[in-house]
Amino acid sequence: MRIGELAEATGTTPRALRHYEQAGLITSARAANGYRTYDPGTAVRVRNIRRLLGAGLTLDDVRVFLPCLDGDVTAGPASAGALKVARDRLAVLDARIAAQTAIRDRLATALREAHDQTP
């Protein structure tokens, strides 16, 4: 299957697919005309990559899941490595949320103070 077909089948873009390939998460062959071609099974892998990215993981995080990307990543028990990656990513997200909440609170306070000083 060509890159456009894979993109359409997985709800992604050719650019994202090239990015996944550059990251070593998927592979392609080259047709005689130079076009990338993918095994039809790559669609399952791409859907799993997108599912993990959608859950907040990064492409680097997804590498831990390589052994199970060609099947149902949610079917089996999670490995210790996968759980560590997920916990670490959750901690990063929690820290970012806390930082953004603190910034929001400072801005809200500044706006209240500005409003209180306005005649």
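Along each chain, the written sequence defines residue order, and numbers are assigned to residues from 1. Only residues with pLDDT of at least 70 get local features here, since the model is predicted, and only at 80 or more are side-chain atom pairs given and counted; chain-wide, interface and lining totals rely on the full set of residues. Water and hydrogen atoms play no part in the side-chain values, which are based on all heavy atoms of the structure.

1. Focus on the environment of Ala95
1) Next: Strands here are runs of E lasting at least two residues and helices are runs of H or I lasting at least four, both read from the DSSP assignment and numbered beginning at the N terminus. Tracing the backbone through its elements, the reader meets Ala95 in helix α5 (residues 80-117).
2) Next: Throughout, exposure labels follow a simple rule: accessible area from a 1.4 Å probe, protein chains only, divided by the maximum for the residue type, with under 20% read as buried, over 50% as exposed, and the rest as partly exposed. Its relative accessible area of 49% is what places Ala95 among the partly exposed residues.
3) Next: Measuring from C-alpha to C-alpha, the distance between Ala95 and Arg45 comes to 30 Å, with 50 residues separating the pair along the chain.

2. Some details on the nonpolar core
1) Next: Membership of the largest hydrophobic core comes to 22 residues, with the highest contact counts inside it found for Leu17, Tyr20, Leu25, Ile26, Ile49, Val62 and Leu69.
2) Next: Listing elements by their share of this core, those giving two or more residues are α1 (3-10), α2 (14-22), α3 (42-54), α4 (59-62) and α5.
3) Next: The dominant element in this core, judged by the number of residues it contributes, is α3, at four residues.
4) Next: If we ignore the near neighbours within four places in the chain, the residues touching Leu25 are Tyr20, Arg45, Ile49, Leu59, Val62, Arg63 and Leu66. Note on terminology: a nonpolar core comprises buried Ala, Val, Leu, Ile, Met, Phe, Trp, Tyr and Cys residues joined through side-chain atoms within 4.5 Å. The contact rule is simple, with two residues in contact once any of their heavy atoms fall within 4.5 Å.

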